[in-house]
Each structure stands twice: as structure tokens, then as C-alpha cells.
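Residue-level structural notes
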Amino acid sequence: MLDQRLLRDNPERIVSQLGRRGMTLDLTGLQLVAQQARTLEEQRSSLQAEGNRIGKEVGSLIKGGAAPNGPEVQGLREQGNRIKQQVAVLEEEEKGLDAKLREQLLGLPNLPAAEVPDGRSEADNVEVKRWGSPRQAAAGETLEEHWQIAERLGLLETERSVRIAQSRFVTLLGQGARLERALINFMLDLHGGKGYREVLPPILVNSASLTGSGQLPKFAEESFRCADDDLWLTPTAEVPVTSLHRGEVIPADQLPLKYVAFTPCFRREAGSYGRDTRGLIRLHQFNKVELYWFVHPEQSAEAHRQITADAEAVLEALELPYRTIELCSADLGFSAARTYDLEVWLPGAGAYREISSCSTCSDFQARRSAIRLKEGKGTQLVHTLNGSGLAVGRTMAALLENGQQSDGSVRLPAALAPYFGAECLTAT
RNA sequence: GGAGAGGUGGCCGAGUGGUCGAAGGCGCAGCACUGGAAAUGCUGUAUAGGGGCAACUCUAUCGAGGGUUCGAAUCCCUCCCUCUCCGCCA
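Here, residues in each chain are numbered from 1, in the same order as that chain's written sequence. Going through the entries in the order they are written, you letter the chains from A and number the ligands from 1. Only residues with pLDDT of at least 70 are given local features in this predicted model, and only at 80 or more are side-chain atom pairs given and counted; all residues enter the totals for whole chains, interfaces and linings. By convention in this description, side-chain values take in all heavy atoms of the structure and omit both hydrogens and water.

Structural notes on the protein's contact with RNA strand B
A molecule or strand has a residue near it when one of that residue's heavy atoms lies within 4 Å. Surveying the vicinity of RNA strand B reveals 25 residues, the closest of which are Arg-8, Arg-38, Gly-55, Arg-372 and Lys-374. A 3.5 Å cut-off defines polar contacts: any pair of N or O atoms within that distance qualifies, except that in protein one atom must be a possible hydrogen donor and the other a possible acceptor, and neighbouring residues in sequence count only when both atoms are side-chain atoms. For RNA strand B, a sugar or linking oxygen lies 2.8 Å from a polar atom in the side chain of Gln-48. A distance of 2.6 Å separates a base nitrogen of RNA strand B from a polar atom in the backbone of Gly-55. Per the convention used, a helix needs a DSSP run of H or I reaching at least four residues, while a strand needs a run of E reaching at least two, with both numbered from the N terminus. If you list the elements that add at least two residues to the surface near RNA strand B, you get helix 1 (4-9), helix 3 (28-63), helix 4 (71-106) and strand 14 (372-375). Ranked by the residues each element gives to the surface near RNA strand B, the list is headed by helix 3, at 14 residues. We call Asp, Glu, Lys and Arg charged. Ala, Val, Leu, Ile, Met, Phe, Trp, Tyr, Cys and Pro are nonpolar, and the rest, Gly among them, are polar. Split into classes, the residues belonging to the surface near RNA strand B amount to three nonpolar, nine polar and 13 charged.

Notes on the packing of helix 5 (residues 146-153) against helix 12 (residues 392-403)
Note on definitions: angles span 0 to 180 degrees between N-to-C directions of axes, and those axes are lines fitted to C-alpha atoms, for helices only across the stretch in contact. One way to put it is that helix 5 packs onto helix 12 with a least axis distance of 8 Å and a crossing angle of 85°. On the basis of their axis angle, the class for helix 5 and helix 12 is roughly perpendicular. Packed against helix 5, whose contacting residues are His-146, Ile-149 and Ala-150, the element helix 12 presents Ala-397, Leu-400 and Glu-401 at the interface. The class makeup of the residues in the contact of helix 5 with helix 12 is four nonpolar, one polar and one charged. Throughout, the term roughly parallel applies to angles under 35 degrees, roughly antiparallel to angles over 145, roughly perpendicular to angles from 65 to 115, and oblique to all others. By the convention used here, residues are in contact when the closest approach between their heavy atoms is within 4.5 Å.

Some remarks on the layout of surface pockets
Of the pockets and cavities examined, the largest pocket occupies roughly 1600 Å³. Of the two site types, the cavity is a set of points on a 1 Å grid over the protein atoms alone where a 1.4 Å probe fits but cannot get out, and the pocket is an open set with protein on both sides within 12 Å along at least five of seven lines, each lined by residues with an atom within 4 Å of a point. Around the largest pocket, the lining is made up of 49 residues, and of these Arg-267, Gly-333, Asp-341, Glu-354 and Ser-357 lie nearest the centre. Those elements that provide at least two residues to the lining of the largest pocket are strand 10 (285-295), strand 12 (338-346), strand 13 (351-360), strand 16 (383-391) and helix 12. Taken together, the residues that form the lining of the largest pocket break down as 16 nonpolar, 18 polar and 15 charged. The calculated volume of the second largest pocket comes to roughly 420 Å³. Every residue lining the second largest pocket is counted, 24 residues in all, and those nearest its centre are Leu-111, Pro-112, Ala-113, Ala-337 and Ser-362. If you list the elements that add at least two residues to the lining of the second largest pocket, you get helix 2 (11-19), helix 10 (300-317) and helix 11 (364-369). The greatest single-element share of the lining of the second largest pocket, amounting to four residues, is contributed by helix 10. Grid points are joined across faces, edges and corners, and a volume is the space filled by probe spheres set on the points.

Observations regarding the packing of helix 7 (residues 175-192) against helix 12
As a packed pair, helix 7 and helix 12 sit with axes 10 Å apart at the nearest point and diverge in direction by 115°. If you check the angle between helix 7 and helix 12, you find them roughly perpendicular. Between helix 7 and helix 12 lies a crossing whose hand is right-handed. Of the residues in helix 12, those touching helix 7 at Gly-176, Leu-179, Glu-180, Leu-183, Ile-184 and Met-187 are Val-392, Gly-393, Thr-395, Met-396 and Leu-399. Tallied by class, residues from the contact of helix 7 with helix 12 come to seven nonpolar, three polar and one charged. In this scheme, a crossing is called left-handed if the near helix is turned counterclockwise away from the far one by less than a right angle; it is called right-handed if the turn is clockwise.

Quick notes on the sheet that holds strand 14
Two strands qualify as a pair provided DSSP detects at least 2 bridges between them. The mixed open sheet is built from three strands, whose spatial order is 8-14-15. The open sheet has two free edges, formed respectively by strand 8 (249-251) and strand 15 (378-381), since each of these has just one partner strand. For this sheet the average axis-to-axis angle between neighbouring strands, irrespective of direction, equals 35°. Where strand 14 meets strand 15, four bridges bridge the pair, whose relative direction is antiparallel.

Quick notes on the environment of Leu-30
Structurally, Leu-30 can be placed in helix 3. Each residue gets one of three labels from its accessible area relative to the maximum for its type: buried under 20%, exposed over 50%, partly exposed in between, using a 1.4 Å probe on protein chains only. By relative accessible area, Leu-30 is classed as buried at 8%. In this structure, the C-alpha to C-alpha distance between Leu-30 and Leu-101, residues 71 residues apart in sequence, is 6.7 Å. Here Leu-30 is in contact with Leu-7, Leu-101, Gln-104 and Leu-105, once residues within four sequence places are set aside.

Let's talk about the sheet that holds strand 7 (residues 231-233)
Here three strands make up an open sheet; going across it, the order is 5-7-6 and the pairing antiparallel. Both edges of this open sheet fall to strand 5 (204-205) and strand 6 (225-226), since each of them pairs with a single strand only. Inspection of the sheet shows strand 5 paired to strand 7 by two bridges, in the antiparallel sense. Bridge pairing in strand 7 places Leu-204 opposite Leu-233.

Digging into the packing of aromatic side chains
Any Phe, Tyr or Trp ring, taking Trp's six-membered ring, that has another such ring centre within 6.5 Å forms a pair; planes under 30 degrees apart are called stacked, those over 60 apart edge-to-face, and the others tilted. Applying the stated criterion across every chain, the model contains eight aromatic pairs. Between Phe-219 and Phe-334, the ring centres sit 5.2 Å apart and the planes meet at 80°, which makes this aromatic pair edge-to-face. Here Phe-219 is found in the loop between helix 8 (207-213) and strand 6, whereas its partner Phe-334 is found in the loop between strand 11 (322-326) and strand 12, with 115 residues between them in sequence. Site record: aromatic cluster; members linked through ring pairs are Phe-219, Phe-334 and Phe-364. By definition, being over a ring means that NZ of Lys or CZ of Arg is both within 6 Å of the ring centre and within 35 degrees of the ring normal. Geometry around Tyr-196 places Lys-258 over its ring, the cationic atom sitting 4.9 Å from the centre. Of note, Arg-278 hangs over the ring of Trp-147, and the distance from its end group to the ring centre comes to 4.0 Å.

So this is what it looks like as C-alpha cells:
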């Protein structure tokens, strides 16, 4: 959520910065609402002050011996009643305006950071780094896509998963299930060794949590909802981890708080029919290890570099070639002020595919979630950052495609051996 | 799910209709004392919003929302949560 004061004092900045995202907006209506709300607040609170004064006067009159039903006291009572009625009217109106204001503000995305390159679409994203040498098919060699390898090796079951749930769900079996588990443990251990505190949060989350991290109210159709409860299947661990500290004031000396959370993630993927229908790339349910920082605003730029490096370290440890992309202003997610995407090389598909997204959300989520820090006498909003470290299913896909060998087996990186218990995936 | 108890500031804890944003204690900060420290003493110490250059000031907040009242932490209603016991359960 954007600062109401910014709306009041510098709406042009909001218009121009959100313009960088490709939005055209007219804030005059909203500004008017904000102004009216403020005027009403002034009127209401001075009325209340008058009411409080009368209340005290009645108290001291009675204490001083005045007849509780005498004319003097009666007169004040009537005055008090009148004020009460006026206040009630103003409060009602004010509530309406505040709700409207909040609703509108909740629908506006974060402002892009100054450093974010301007752009009109994802085509304008900027590659900032490349690591590893992307594997190309040798002469006469045909590289398979991960779903082909997975099916051939019996790592997963798609047809039967439809029986269990519906399309875009997958059941991992045998070595596939074991590899998924190995990857989760590997990632958690790697990050845990770097000072991240491990979290295993609820994966059903309430509406307030989804609002706090930015998924609601605008993206309700993207998440699965439980019909009879105010609970949703979390689309990312970012949601529960943000709400881990919702409403809190954190002493500055405790920052940064760094968490690593493994959760299944659930997304409706509305509007992506037909895209990535095979394999592990786009599922309604997938596993993800998420990195999350709560930091002092002064540290957030450096923290963004670090969280990105921590995500990159997973790919490097797994010997997976990747590139790092800085998203342009038009491609930023709703809550993000600045984002680096990591794209892993998939030799079978012959393309780089997103496997991690590392964002700084500045104070956007902190304001929605009321997460502040206390430093000396004052408080201020913290900054929050999140990064996938990594999406587990896509990591498996990358391992399959990058490790495939001419005999049909898949060589796994050495770092995984202690977790998986073998260096190769072979047909069984 | 049933029965009972309870939710007050960073923490503990008093407060059952009036000047209570809230005693007292702990913690924390500053000052004094000290060679330095401990102990001690004094002072200060919630959050949000509004007004003001500022000093300061107004409003709201004692789990949440409503109600009664001139006035509510205190009375009434609804809901949420925690604890204890019982039941059920991986």
C-alpha cells in the first residue's frame, strides 16, 4: 500500500511512477476523498473534544454537590446528547470515506525503485549476469525435455494425477519423489547455514494475511479459497512469513530477520490455459523454498543484492547455468519495487526459464501489514524482501535436462549426492 | 465439540461508572553519586491520526465490533483468542 500522505502531498509522483509501470491513472477523485476524510476528521475530533469537556464538567458539578437532575446538569446532558448525535453522523461518513480510500489504495501497486530500468514489456528486461555454460546438443544428439525424461524414468505420474485432483497437478513417484525431498532438504540446509532461520508455517492463510502481502484484494482469482472458512491455500510462503510479524514493532537491533521457509504453493493459474501444460513448469501445486528478509530501510538495497546472491548460490551449487534478469518497470510484480529474476538454462527446451524471483518490496508490504521497527524513540516501517531459493519442481526439471546422458540416465550434481543417496537417476 | 476461567502499556500487575492513557513493580534510557562499577536516588519511557515552524495540543485505542450513559478499562450484547478440565483425534 502506498502512503496516504504521499497521495496528499505529492500525487504527481504516484502518477508518474506508476506511469512507469504502464498505468495511466487519474488520482483527482481519490485525492478529493482523502481531503474530505481529513476535513471530517478535524470536525469530528473537535466535536469530541467539546463532548469530553462537557462530560468532565458534569462529573465535577455532581461531585461538587449539584443535583444530578437539576437544570444545570440537565442542560449539559442535552448538549452532550446533541454532540453525540452529530459525532455519530460524521463518524459514519468518515468511515465510508476511509473504506473507499483504503480500498483504492490497496489496489495500487508499489512504486518502482529509482534504479529500475524503464520499459514497456518484458522484452525490455535487462540481463545483468550470466553464469555457467549453457549445454547445447552435440552433433547428432537430441536433448529431451524434462517431462520426457521424467516419464521415461517413471519419476512422475500425470494422467493419474488428474484422477486424484485435476490437470496441472502432478504425483511424484519413486526416485522423483525422493529427488524432490532431497532438493528441499538441500536448499533448506544451504540457507540455514547462512543464517536463515527455518520456518514451516501454516499453508492455509486468512484474508488479512493475503492482503498484507499484496495478493488481495486485487488478485483473488489467482488463489484457491476454502469455501466454508476465511482461509486460502497460500500461493507462496511470502504470505505466511510476512504475516509472521504482522502488526509488530521490532526493535531495530533485532534486524535483519532472515527466514527460509519451505511450503507447497497453490496457484489457480487463471488465464494460462495451454501454456506449459506438460511437466513440472506450471502447476496448481508446487513446492518452493522461499527466502524472506525483514530489514531496516537503510539496509534494503544491500539486502536485495544479498538475497539474490543467496538464491544464485543454489543454482551454482547444483551446477545449473543461469542468467540474472533485472525486471523493467513494466514487468514488476504488484508488491515489488525492484526485482531480479533468475532464469535457469533448460537445454531440452533450449531456453532460459524463470526459477526464482528476488524482490524488494520497500515498505509496501510493511505498511499493509503494519510491521514497524523501533529505533530510539521513533518507529518506522521496515522493508521486506523475498526471493525463491528455489522453486523445487523447476529445479528438478533443470537437473533432468542438464544432467541427461546419452545412455538415458541423468547425472546429478555432486552436492546432491548426500541428500539423494546416488549420483545418477536411472531407469528402474 | 462440552464445562469453567481469563484477555489491561515492552513484560508483570492494580483498577467494577467520572479529572484513568491507566497505580505499583520489572525492564529500558538519561542524570546524580563513584576512581570505575554495583547498589541507591531523581527524571523520563505506548501506538496511530489531525493541527502547529516549534514548544505543544486535539482525537482515538485497556482482545474486536456493537449498545447503554452527559461520561465506559469498568455495565449489556455478539464475536475472536488464550488457559484448565472432559470428549475426539494424527
